[in-house]
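Structure assessment
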Amino acid sequence: PCISPSVFGSVCAAVGSVALAGTEVYVTTAAALALMVGAVQLAMGALRLGFVVNFLSRPVLSGFTSAAALVIAASQLGPLLGLRLGSSTALHTIVLEIAGAVTKIHVPTLVLAAVTMLVLVLLGRWRGKALLVVALGIAASALLDLPALGVAVVGEVPPGLPSPALPLVPWATLGALVPAALTIALVSFMEAISSGLAVAEDDQRPAADRELVALGLSNLACGVMRGYPVAGGLSRTAVNAQAGARTGLAGVFTAALVALALLFLTPLLRGLPRASLAAIIVVAVFGLIDRKLPRELWRVRRRELPVLLLTFMATLTLGISTGLVLGVLASLLLFVLRTTRPHTAVLGRLPGTHVYRNLRRFPDAEPVPGLVLVRLDAQLYFANAAFLRATLLRLVDEAPPPVRAVIVDASSIHDVDVSALESLREVHRALTARGIDLYFADVKGPVRDLLHRAGFVAELGPEHFSFTTHEAVQRALGLAVVGDPRAVQADHASF
């Protein structure tokens, strides 16, 4: 459980392509791959590339962890039912395999697993329940001679700690492993950080760059100790959280106890039923299934629900790493689609005020005759430049004639790229050809600087840029500007 099935599968595929399984070369190559993955992750952490975790939106994380929990639970059905199953990480493959072997279910193993899970559920949130069921499993194995009944047990565990050794492999082999090392480094980090985010409280979110460094050092240590690349597995994280772990020291104590067990307690572990371990994992990971967020998205923001469902289904059917990647891509696609057609509002003046609001949301707001007031609520860039141009010209066509001016409330525009700037110029030329003026109000400082450097301010004239929407309306109507003279003067001085 210290490594996710997808990462383990990637390791096996990469090493199996250059070495024969079961040989010393295979072990050495896996250790070399661990060193390469560790070096990549350490470099990523040093370069502060942990920002990639920002692409894990909450719907992606929820869909991934919920589906991964089900996949991990399904992967434990073999030990729970006394069956030998394949290593697939796709839920439907596991279910079909079990359906084909239903007549081979080992009843004593199933009974033991059911009793163990019942004990875990009845003990509720007691932190020592996993250790208790392990002790009870060992005791039951000795008293009832479970191996004689056909119940699979852990068996002989080699005592002692591994000896450090530097894996020496040919340069050609290292070159062939580079693509796999880069992929495993990124995927294992994303899965590890996802596991941490799934159980972290609001004030305990893992620091991405430090996690990268920690993973890198762990993999370097694994490589030196003749191990294979590892990551923070979701099942182990769930068990750890259920046991009451709150800080990184839990991993230190776990490592120390494992070392002690390997040195002194291996005879006791020989009779531990595999079904007991599987039951602990299943009960722990079911606590990671998110039932709250799908209902919240349905009620609050339905446009993000497809991202959650896609991530969930892809993780269930295509595997854990594929599901995570597809979820991130879907989340990015949704963001791009949303920004290509940003929210726009046609404004009207609230009676008796200098405040202008969306006509659709404020029925008492009054349009200003002869003017089209528009607020654009997004950065303007190449993907929405055409939408910007079409929207402004369409609103002019739909407005009651005659239209004297178009006023753009730019208070929500925080950036403009050259494509959008060209669209603004096209709008200006199209409006000028119709005898319509173009004004801007409440332009943010960085955007003002850009428009000034591009010469767009000079093209329209500084008087076409106003401190407030109301000031722009007064100018467009040819009225005297009413407001704080110092504010108006300062605003024009900036141009």
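Since the model is a prediction, treat every value here as computed from it, not as a measurement.

1. Comments concerning the layout of surface pockets
Put simply, the second largest pocket is a space of about 500 Å³. Taken together, the elements giving at least two residues each to the lining of the second largest pocket come down to β1 (344-349), β3 (371-376) and α16 (385-398). A total of four residues in the lining of the second largest pocket trace back to one element, the largest contributor, which is β1. When its residues are assigned to classes, the lining of the second largest pocket shows 14 nonpolar, four polar and four charged.

2. Points about the packing of aromatic side chains
For any pair of aromatic rings, the description consists of the separation of the ring centres together with the inter-plane angle of the planes. Taken as a whole and assessed by the stated rule, the structure comprises three aromatic pairs. With centroids separated by 5.9 Å and ring planes inclined at 80°, the aromatic side chains of F440 and F456 adopt a geometry described as edge-to-face. Of the two residues, F440 sits in strand β5 (residues 437-441) while F456 sits in helix α19 (residues 456-460), which places them 16 residues apart along the sequence. Like F440, the residue F456 is buried in the burial classification.

3. Side note on helix α15 (residues 320-340)
Its 21 residues place the ends of α15 30 Å apart at the C-alpha level, agreeing with the 30 Å of an ideal helix rising 1.5 Å per residue. Regarding α15, the residues found buried are I320, G323, L324, G327, V328, A330, S331, T339 and T340.

4. Some points on the pairing of strand β4 (residues 405-409)
Among the five residues of β4, five are classified as buried, and the element is accordingly described as predominantly covered. Residues of β4 alternate between two faces, with A405, I407 and D409 on one and V406 and V408 on the opposite face, all of them buried. Summarising the sheet, β3 and β4 pair through five bridges and their orientation is parallel. Following the sheet pairing, R375 is matched in β4 by D409. With α16 bridging β3 and the parallel β4, this β-α-β connection has right-handed handedness. Crossover β4 to β5 through helix α17 (residues 418-433) is right-handed.

Reading the values: the criteria
Per chain, the residues get numbers from 1 upward, laid out in the order the sequence is written. Local features in a predicted model are, by the rule used here, given only for residues with pLDDT of at least 70; side-chain atom pairs are given and counted only at 80 or more, and totals for whole chains, interfaces and linings are based on all residues. With hydrogens and water set aside, each side-chain value is computed from the structure's full complement of heavy atoms. Cavities and pockets are found on a 1 Å grid laid over the protein atoms alone: a cavity is a set of points where a 1.4 Å probe fits but cannot escape, a pocket is an open set with protein on both sides within 12 Å along at least five of seven lines, and a lining residue has an atom within 4 Å of such a point. Grid points are joined across faces, edges and corners, and a volume is the space filled by probe spheres set on the points. We count a stretch as a helix when DSSP gives it H or I for four or more residues in a row; a strand needs E for two or more, and each element gets its number in order from the N terminus. Residues are grouped as follows: Ala, Val, Leu, Ile, Met, Phe, Trp, Tyr, Cys and Pro are nonpolar; Asp, Glu, Lys and Arg are charged; every other residue, Gly included, is polar. What counts as a ring pair is set by centres within 6.5 Å for rings of Phe, Tyr and Trp (its six-membered ring), and what kind of pair is set by the plane angle: stacked under 30 degrees, edge-to-face over 60, tilted for all other angles. We call a residue buried when its accessible area falls under 20% of the maximum for its residue type, exposed when it is over 50%, and partly exposed in between, using a 1.4 Å probe and counting protein chains only. Expected span, for any helix, means 1.5 Å times one less than how many residues it has. Strand pairing is assigned whenever DSSP identifies at least 2 bridges connecting the two strands. With the strands pointing away from the viewer, any crossover whose connection runs clockwise from the first strand over the helix to the second is right-handed.

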